[in-house]
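Each chain, letter by letter, is given below.
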Amino acid sequence: MEMKKIAVIGAGLMGSGIAQTAAQSGFQVNLIDVEQRFLDKGISTIEKNLQRSVEKGKMPASDADAIRSRIKGTLSMSEAAGDVDVVIEAVIEKMDLKKTLYKELEPVAKDHTIFATNTSGLSITEMASITSRPDRFIGMHFFNPVPVMKLVEIIKGFATSDATVAAIKDLTKKMGKTGIEVLEAPGFVVNRILVPMITEAIFVLQEGLASAAEIDEGMKLGANHPMGPLALADLVGLDTLLNVQQHLYEEFGDSKYRPPALLKKMVRAGRLGRKSGKGFYDYK
């Protein structure tokens, strides 16, 4: 199946990045959110990213205008998803919320439409089970910032068909990304490895063994990481990180996934990282 039109549900950090990347790759994109202010913020982020690329000489203004013209914002689920080939869902990591969304999406989407969730670790099979198309349901885990990061984890649920996997692999390639196919398991591959490292860095900070800057400098210079774990946590979003930690801890019961008290306090205080202006570092 040739894909021409994509709907992206959720205009936040990930959703706006996915919409921008798809439009840059030539796809028509419908971007939807629950409130106009969220939609406006997402589209504004895309416009700023494109303008920055123009100013840096990475693309002419005409290309930026063409990319922006391929993105349509809407608050209507039927308008967003009624005539698309694939829906990429990028709402927050809450299973109940995602299930509610797919129940709303199911009756308005065409029979051939593939549902792809951008979850970073929740069960593809559980989400697919409440739809009538578990064979056309798949995980498509992008990484932040989406326009820059090259990887997409492609996760096959229990009933996902080989044809759906092939179609999403092709879509991933056309969006300029490299896809790796992984089996469904909590955290998949990258977060299964990455989250315990970030968690341990937060525990080190919590115990006062070193400052945030020293921890990050140690990992950059000692382990050759391009970014320290605490700066990376700020980039991911501390609320998102906490949700992933809690899910992994519930699934495995292993203390290496246990969320640190410091992280919980920071999220309660609204210190969510770059997106709120303050996390382990101050971005204001």
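None of these values were measured; they are calculated from a predicted model.

(A) Quick look at the sheet that holds strand E4 (residues 86-89). One open sheet holds the 8 strands; their spatial order is E3-E2-E1-E4-E5-E6-E7-E8, and the pairing between them is mixed. Edge positions in the sheet fall to strand E3 (71-74) and strand E8 (178-183), since each has one partner strand and no second. The mean angle between the axes of side-by-side strands here comes to 25°, regardless of whether they run parallel or antiparallel. The strands that helix H1 (residues 13-24) touches are strand E1 (5-9), strand E2 (28-32), E3, E4 and strand E6 (137-142); relative to E2, the one it contacts most, it runs at about 165°. The sheet contacts of helix H5 (residues 95-105) involve E1, E4, strand E5 (114-117) and E6, and relative to E5 the element is tilted by about 165°.

(B) Region of interest: a positive patch on the surface. Judged by side-chain charge, Lys41, Lys48, Arg52, Lys56 and Lys58 come together as a positively charged surface patch. Considering the arrangement of structural elements, one finds Lys56 in the loop between helix H2 (36-55) and helix H3 (61-69). Residue classification places Lys56 among the exposed residues on the basis of a relative accessible area of 55%.

(C) Summary view of the side chain of Asp234. Considering the arrangement of structural elements, one finds Asp234 in helix H10 (residues 229-236). Buried charge without a salt bridge: Asp234, with Arg274 as the nearest opposite-charge side chain at an N-O distance of 6.6 Å. Separated by 2.9 Å, the side chain of Asp234 and the backbone nitrogen of Phe280 make a polar contact. Once you skip the residues sitting within four places of it in the chain, Asp234 turns out to touch Leu272, Gly273, Arg274, Gly279, Phe280, Tyr281 and Tyr283.

(D) A look at helix H11 (residues 238-252). Look at H11: 21 Å from first C-alpha to last across 15 residues, which is about the 21 Å you get at 1.5 Å a residue. If you check which residues of H11 are buried, you get Leu238, Leu241, Leu242, Asn243, Val244, Gln245, His247 and Leu248. In this fold, the buried residues of H11 make contact with helix H8 (190-206), H10 and helix H12 (261-268). Among the residues trailing H11, Gly253 stands out with phi positive, at a value near 65°.

Criteria and thresholds
- Residues numbered from 1 in each chain as written.
- Predicted model: local features only at pLDDT ≥ 70, side-chain atom pairs only at ≥ 80, totals over all residues.
- Heavy atoms only, no water.
- Pairing = 2+ DSSP bridges.
- Helix = DSSP H or I, 4+ residues; strand = E, 2+ residues; numbered from the N terminus.
- Axes fitted to C-alpha atoms, helices over the stretch in contact; angles between N-to-C directions.
- Contact = heavy atoms within 4.5 Å.
- Patch = residues over 30% accessible without salt bridge, like charges linked within 9 Å, V, L, I, M, F, W, Y side chains within 5 Å.
- Areas by Shrake-Rupley, 256 points an atom, 1.4 Å probe, with all protein chains shown as cover.
- Salt bridge = Lys/Arg side-chain N within 4 Å of Asp/Glu carboxyl O.
- Lys, Arg positive; Asp, Glu negative; His and termini not counted.
- Charge placed at Lys NZ, Arg CZ, Asp CG, Glu CD.
- Buried < 20%, exposed > 50% of the residue type's maximum accessible area, 1.4 Å probe, protein only.
- Polar contact = N/O pair within 3.5 Å; in protein donor to acceptor, adjacent residues only side chain to side chain.
- Expected span 1.5 Å × (residues − 1).

Any functional reading would require information that these geometric values do not contain.
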